[in-house]
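Topology and contacts: notes
Listed below are the residues making up each chain.
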Amino acid sequence: EAGVTQFPSHSVIEKGQTVTLRCDPISGHDNLYWYRRVMGKEIKFLLHFVKESKQDESGMPNNRFLAERTGGTYSTLKVQPAELEDSGVYFCASSHSSYNSPLHFGNGTRLTVT
Amino acid sequence: SQKIEQNSEALNIQEGKTATLTCNYTNYSPAYLQWYRQDPGRGPVFLLLIRENEKEKRKERLKVTFDTTLKQSLFHITASQPADSATYLCALDRSSASKIIFGSGTRLSIRP
């Protein structure tokens, strides 16, 4: 089966610009998660979709971040306007079940805000 | 607040020895615990899952233990090889539809 794919793999933008990250989960996985690693720290949870619904968005840092999952398939994470502290690696993961199920991660999008 | 600690940032051991990594947690009652491996420039890859009512799980050269009294998990790699060099992450979840949270990882280096 095809794995989780993320696009782009790298993005360099200026402060104040907008960036949209995309994630295609494994086909049939209802659960989709966004995480990010900032400045070499631990991978931190951002939010969790079950199909097209946001199950938990407690990790979203502020209202500059908007995640969507239209039709319960792929997901986008938009940052608008980007700030310097948004730099980091954004990971997407999917799983078959929301409980007791391993996460399948993409290789991440490295975002650099200058 | 909930906290996950992995024993050390980096661990260096000789090839052939057993590597033991530690994951401790506080203010948390996970239903299960997972271990992942992450290589540079790649996303984490799932290795093993152990439930709260299981004491030990094995997969080839890997062994995980889960002690809910000590609030600790140990991850062992026996007969370690240079190819085992990577960052290893523990992750915990409490219940259905709950977010999975990760430790900061231990960077393991196996020298020939």
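Residues numbered from 1 in each chain as written. Chains lettered and ligands numbered in written order. Predicted model: local features only at pLDDT ≥ 70, side-chain atom pairs only at ≥ 80, totals over all residues. Heavy atoms only, no water.

Okay, the sheet that holds strand β6 (residues 56-59) of chain B next. Each strand in a sheet pairs with its neighbour through backbone hydrogen bonds, running either in the same direction (parallel) or in the opposite one (antiparallel). Residues and elements named next belong to chain B. Across the sheet, which stays open at both edges, the five strands sit in the order β1-β3-β8-β7-β6 with antiparallel pairing between neighbours. Of all the strands in the sheet, just β1 (3-6) and β6 have a single pairing partner and so form its edges. Adjacent strand axes in the sheet meet at a mean angle of 15°, parallel and antiparallel pairs treated alike. (Pairing = 2+ DSSP bridges. Helix = DSSP H or I, 4+ residues; strand = E, 2+ residues; numbered from the N terminus. Axes fitted to C-alpha atoms, helices over the stretch in contact; angles between N-to-C directions.)

Time to look at the sheet that holds strand β1 (residues 5-7) of chain A. Residue and element names in this part refer to chain A. Taken in spatial order, the four strands line up as β1-β3-β8-β7 in an open sheet, and their pairing is antiparallel. The outermost strands of the open sheet, each flanked by one partner alone, are β1 and β7 (65-68). Each strand axis lies, on average, 15° off the axis of its neighbour in the sheet, ignoring direction. Two strands pair when backbone bridges link them, and strand β3 (residues 19-24) and strand β8 (residues 75-79) are joined in this way by five bridges, in the antiparallel orientation. Within β8, the position partnered with R22 by the bridge is T76.

This part covers the state of the cysteines. Residue and element names in this part refer to chain A. For the structure on display, the rule yields two disulfides over all chains. Sulfur-sulfur distance for the disulfide between C23 and C92 comes to 1.8 Å. A torsion of -60° about the S-S bond marks the disulfide between C23 and C92 as left-handed. Of this pair, C23 sits in strand β3 while C92 sits in strand β9 (residues 88-95), and the two are 69 residues apart along the sequence. Like C23, the residue C92 is buried in the burial classification. (Disulfide = S-S within 2.5 Å. Buried < 20%, exposed > 50% of the residue type's maximum accessible area, 1.4 Å probe, protein only.)

Ranked by size, the top nonpolar core spans 25 residues in total, and within it B:L21, B:W35, B:F75, B:I77, B:Y88, B:L92 and B:L108 carry the most contacts. Among the secondary structure elements, those contributing two or more residues to this core are β2 (10-14), β3 (19-26), β4 (32-38), β5 (45-51), β7 (62-67), β8 (72-77), β9 (86-93) and β11 (106-111) of chain B. In this structure, B:L92 is in contact with B:I4, B:C23, B:Y25, B:Y28, B:P30, B:Y32, B:L33, B:K99, B:I100 and B:I101, ignoring residues within four places of it in sequence. Judged by nonpolar contacts, the second largest core, of 21 residues, contains A:I13, A:C23, A:L46 and A:V113. (Core = buried A, V, L, I, M, F, W, Y, C linked by side-chain atoms within 4.5 Å. Contact = heavy atoms within 4.5 Å.)

Turning to the interface of chain A and chain B, a few remarks are in order. Many structure descriptions define interface size as the accessible area lost when the parts assemble. Listed as interface residues are 19 residues of chain A and, on the opposing side, 22 residues of chain B. Contact with chain B buries area across many residues of chain A, yet A:Y99, A:N100 and A:N107 alone supply 28% of it, more than any other trio. Counting every contact that joins chain A to chain B gives zero salt bridges. For the pair chain A and chain B, the interface holds six residue pairs in polar contact (both at pLDDT 80 or more). Looking at the side of chain A that touches chain B, the elements with two or more residues in it are β4 (31-37), β5 (43-50) and β6 (53-56) of chain A. (Buried area = accessible area lost by both parts, 1.4 Å probe. Salt bridge = Lys/Arg side-chain N within 4 Å of Asp/Glu carboxyl O. Polar contact = N/O pair within 3.5 Å; in protein donor to acceptor, adjacent residues only side chain to side chain.)

It is worth spelling out the packing of aromatic side chains at this point. On inspection of all chains with the given rule, the structure shows 13 aromatic pairs over all chains. Ring centres 5.4 Å apart and planes at 90° place the aromatic pair A:Y35 and B:F102 in the edge-to-face group. Placement of A:Y35 in strand β4 and of B:F102 in strand β10 (residues 101-102) is noted, with the two residues assigned to different chains. This pair shows no difference in class: A:Y35 is buried, exactly as B:F102 is. Consider the rings of A:F105 and B:F102, whose centres lie 5.8 Å apart with planes at 75°: the pair is edge-to-face. Placement of A:F105 in strand β10 (residues 104-105) and of B:F102 in strand β10 is noted, with the two residues assigned to different chains. Note on accessibility: A:F105 and B:F102 belong to one class, buried. Within the aromatic cluster, the residues linked to one another by ring pairs are A:Y33, A:Y35, A:F45, A:F91, A:F105, B:Y36, B:F46 and B:F102. The cationic tip of A:R22 hangs over the ring face of A:Y74; the distance from NZ or CZ to the ring centre is 3.8 Å. (Phe/Tyr/Trp six-rings, centres within 6.5 Å; stacked < 30°, edge-to-face > 60°. Lys NZ or Arg CZ within 6 Å of the ring centre and 35° of its normal.)

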